[in-house]
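# Descriptive structure summary
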Amino acid sequence: MKTLRTWWSRISSFVRPGTGEDDFADELQSHIDLHTDDNIRAGMTPNEARRQALAKLGGVAGTRQAHRERRGLPVVGALVFDMKLGGRMLVKYPGLTIVGGLAMAFAICVGTVVVQVMSVFVYPTLPLPQADRVVQLRNWDIEAIDDVPTALHDFNVWRSSLRSVTEMGAWRDVTRNLMVIEGDARPVQVAEISPSAFIVADGTPLMGRVLTDADERPDAPSVVVIGHDVWQTRFGSDPAVLGRSVQLGTEHVTVVGVMREGFLFPISHEVWTPLRIVNERHAPRSGPSISVFGLLAPGATVETAQAELTVVGQRVASEHPATHAQLQPQVGPYATMNVSVPDDGVGIFASIYFFAVMLMVLVCSNIALLLFARAATRESEFIVRTALGASRRRIVGQLFAEALVLGGVAAVVGLGTAHLALNTWAGPFLEANFGTLPFWFDLSLSSTTVLFALGLAVLGSAIAGVMPALKVTRGMGARLKQSTAGAGGLQFGGIWTVVIVVQVAFTMAFPAIVYQQHWLLRHVETFDPGFPTENYLAAQVALDAQAGTPENAEIADAAREAHRAVFAARLEELRRRVAAEPGVAGVTFADGLPLGPRSRYRVELADDQITAGDELRATVARIDPSYFDALDTRVLAGRAFTAADLAPGTNVAIVDQGFVDEVLQGRNPIGQHVRFVWKDPSRPVEPWIEIVGVVKELGMGGPHLPWRAAGLYLPERPERLNQVHMMVHLRADPATFAPELSEIATAIDPALLLSDVQPVDAVSESTIWVLRLFMRVTLVMTAVALVLSLSGIYAVLSFVVARRTREIGIRVALGADRRRVISAIFRRPLIQVGAGVVAGIALLGLAGSVETEMPGLTGDLSAGQLAMLGAYGLVMLGVCLLACIVPTRRALSVEPTIALRMD
């Protein structure tokens, strides 16, 4: 209790320093009076008696200070005082504050953004009231080392057998056309889902009701629940939407509910319909692919649920060994199992933390050079403070506090910038690379990320403040004994020479990185696909198959062929109607678009006289025979595709000029034979394909790839393509034809889905956006690194030259020639920076000679790159000269007699 009262008194005195001061002053005065009276009675005069009394108490001021320290928090008080001094230092040295603060803020911003983005991947959390109880169940194939889409048989077994998982449900993802207004059909992401989803995900509707068990009955009316955004954008926030009949795919459904804003369960869905196929009986490993979710029962954990599920899985495997012997059922947190990340998520997260920390260490090591140069100018101040009794720890603590102020300002700026970057660029960047993000991907700064950023700031402050402080205060006692502080003062040793050389060498890479990014961006922006892409409209076409997959394999195959036949008829009708429209010059289909990504395959040639290395690769496109006619491309040699090339057993191909140059090494391609080669020896040997024609290069593989695409075109029926992309050649603006194309498709069949309707020249816009973002980030990183490095070099070299002021004065006093003095001063800094420039160019030359897939930096350095690096080297030397000239001129302008007396 006494300890608590003592600490409470200390905290109160620190927060309210005036508390108790009057009482202590009265008590101190009474002691002085008592001692004075005793001294008078001993025969002293009144003045002498008072002087002796004060001396006995140790002085009024000292006693009061000792009392304050005992009653308050001296360590905290000293830190606050040092931080106030640090704030004044920031104002006193604005250049250092701006350069060092922005550099540290940049490192904190990068670390914060990286950690926040990785957090949502590695450690996702659901924004749901029962988030810790929501789980997902799946089958894991131990032979294929992959998850197996859970079939309905397994779902029904789990739902009837498990007691540790309640409210179990299933869903599957489909895309269907939603027609609210006649002729206006737009695709929406639909979740065919069990009604229990709205219990698991706290699905309280804004209006109406959610799905119920009765809606799953086969004879129940067709109903739909729409999301808040769909209600606003497609229904105009109509309050009378309930009971309205709309067309979803080929069905007419009734709207029975509108969900609250933000409800997107199970992933990022906007429309929900009943999953009626769960009431059907299915054989093991048959039926449509579904995903299974559930809620842990009260008192159950993931571990207990997994143990129970394992027992059930072993029983099913014993009953159905042919289909389940290699399957292991698994249960885990819903968000974690729905995000595709490597198994070693902790290792990835640790490596990201390590990257952010190392970036902070590198940046703050450079800032430490700047702070050391500043601290070195205060050497006399520290010597005087040491003479007055200040300990080395006290001085180091002061310099750390000053750096902590800089780190605090940098943390505020870095966190603000990170918040802006996450809200402005991170979301679009992730969607451009990964598609639609799950609803639980929250990119706003979390408390953990903020604490990490503050930790980075403290770490950076420790590096930037403590390292130079330890160097400055080393040997302070020995320097105190010398008559002049400058004699034997601070010096930069050989380690600093190595630091400068290495720093200059590595900064030489930054212009090369900027050049590479600029080259790649310009290459994509100016890439010539070989035809006028601005005259073409593209769309991905699919036919919605709403029925479940039959159990019998033969029936399933027949169903797929029937669906394919219907799809072929719809595509042919779509081609005919679009081609008949005014302003349409041609229509074709392919499995991908020019300027878009395509797969590369290993190939071999029948002519063994053609050798082009150990491995040949071709970029493959499967196209409708009308492809080259629609693209207005003539065949350079041989012939074009015909309808006869679609017959079974006909294996022909057309190659582009890149294939002729890269694979055939310029030989005549007509009549050559090529086939695909698989690394898996169990796969059957592919048949030989005869090359019957050559065309010019038509944007195969995308402009952002480092290699030249060796294009190989194969004829294929549109309905048999993995993905069907339609291209329409127009004589007018393609964007104006997009609504009409959607109306035609809807009129043909409401189940005909059109997505990604866009002009062909917009295909690479997402790539350009990403590259521009990388370019901006690279420029910022380069600017920060260059400014920081050049400032560090300037500060260090200026300090070295300034420390030789006394030497310059002596040499001038002895009659030394000024040019020889300047030459002696400039020699070492210029050698250091020059060695760094040469080493940097040598390293880049070595890196350029190594085979790499980085475009713009492949092969030997070009003359333009060498000129750019040479110019940058001159800039570095210019900064070095500037760093030497300014203090040298200042030193030479000082009278020798004055220079001799300088520190």
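Reference entry: report on the structure contained in this document. (Residues numbered from 1 in each chain as written. Predicted model: local features only at pLDDT ≥ 70, side-chain atom pairs only at ≥ 80, totals over all residues. Heavy atoms only, no water.)

### Focus on the overall build of the protein chain
Counted only if it meets this: Strands here mean DSSP runs of E at least two residues long; helices mean DSSP runs of H or I at least four residues long; both are numbered from the N terminus. Throughout this description, buried means an accessible area under 20% of the type-specific maximum (1.4 Å probe, protein chains only), exposed means over 50%, and partly exposed covers the range between. Two residues qualify as a contact provided that any one of their heavy atoms is within 4.5 Å of a heavy atom in the partner residue.
The helix and strand inventory of the protein chain stands at 28 helices and 22 strands. Scored against the burial criterion, the 903 residues of the protein chain give a buried share of 45%. The long-range fraction of contacts in the protein chain, counting pairs at least 24 apart against all pairs at least 6 apart in sequence, stands at 80%.

### Digging into the packing of helix α7 (residues 152–161) against helix α10 (residues 302–319)
Selection criterion: In this analysis an axis means a line fitted to C-alpha atoms, helices contributing only their contacting stretch, and an angle means the value between N-to-C directions, from 0 to 180 degrees. If an angle is under 35 degrees, it is roughly parallel; if it is over 145, roughly antiparallel; if it lies from 65 to 115, roughly perpendicular; otherwise it is oblique. Crossing handedness: left-handed means the near helix sits turned counterclockwise from the far one by under a right angle, and right-handed means the same turn made clockwise. Under the convention adopted here, Pro, Cys and the residues Ala, Val, Leu, Ile, Met, Phe, Trp and Tyr are nonpolar, Asp, Glu, Lys and Arg are charged, and Gly plus all remaining residues are polar.
Direction vectors running N to C along α7 and α10 enclose 130°, while the axes themselves pass 11 Å from each other. If you check the angle between α7 and α10, you find them oblique. Here the hand of the crossing between α7 and α10 comes out right-handed. In contact with H153, V157, W158 and S161 of α7, α10 contributes E308, L309, V312, R315 and V316. Taken together, the residues of the contact of α7 with α10 sort by class into five nonpolar, two polar and two charged.

### Some thoughts on unusual backbone geometry
Following F265, the chain continues into P266 via a peptide bond in cis, with omega recorded as 15°. Of note, the phi angle at S237 is positive, near 55°, even though the residue is not glycine. Considering the arrangement of structural elements, one finds S237 in the loop between α9 (228–233) and β7 (245–248). Residue classification places S237 among the partly exposed positions, given a relative accessible area of 30%.

### Some details on the environment of S161
Heads up, the rule is: As used in this structure description, the phrase polar contact means that two N or O atoms lie within 3.5 Å; if the pair is within protein, one of them must be able to donate a hydrogen and the other to accept it, and residues adjacent in sequence are counted only when both atoms belong to side chains.
Looking at where S161 falls in the secondary structure, it is placed in helix α7. Sequence separation of S161 and E308 is 147 residues, and the distance between their C-alpha atoms is 9.1 Å. Contact partners of S161, with chain neighbours within four places excluded, come to E308, V312 and R315. A distance of 3.1 Å separates a polar atom in the side chain of S161 from a polar atom in the side chain of R315.

### So, the pattern of salt bridges
Basically, it comes down to this: Here a salt bridge means any side-chain nitrogen of Lys or Arg lying within 4 Å of a carboxyl oxygen belonging to Asp or Glu.
On inspection of all chains with the given rule, the structure shows 17 salt bridges. In this structure, D591 engages R598 in a salt bridge whose closest nitrogen and oxygen atoms are separated by 2.6 Å. A salt bridge links R675 to E604, with the shortest nitrogen-to-oxygen separation between them at 2.5 Å. In this pair, R675 sits in strand β18 (residues 673–676) while E604 sits in strand β14 (residues 600–605), placing the two residues 71 residues apart along the sequence.

### Focus: the pairing of strand β21 (residues 724–730)
Rules: Paired strands, as defined in this entry, are two strands with at least two bridges between them according to DSSP.
Extensive coverage of β21 is indicated by the burial of seven of its seven residues. Here β21 shows a buried face lined by V724, M726, V728 and L730 and a second buried face lined by H725, M727 and H729. Judged from the six bridges that link them, strand β12 (residues 536–543) and β21 form a sheet pairing that is antiparallel. The residue bridging L537 from the neighbouring strand is V728, located in β21. As paired strands, strand β13 (residues 584–590) and β21 are joined by six bridges and run antiparallel to one another.

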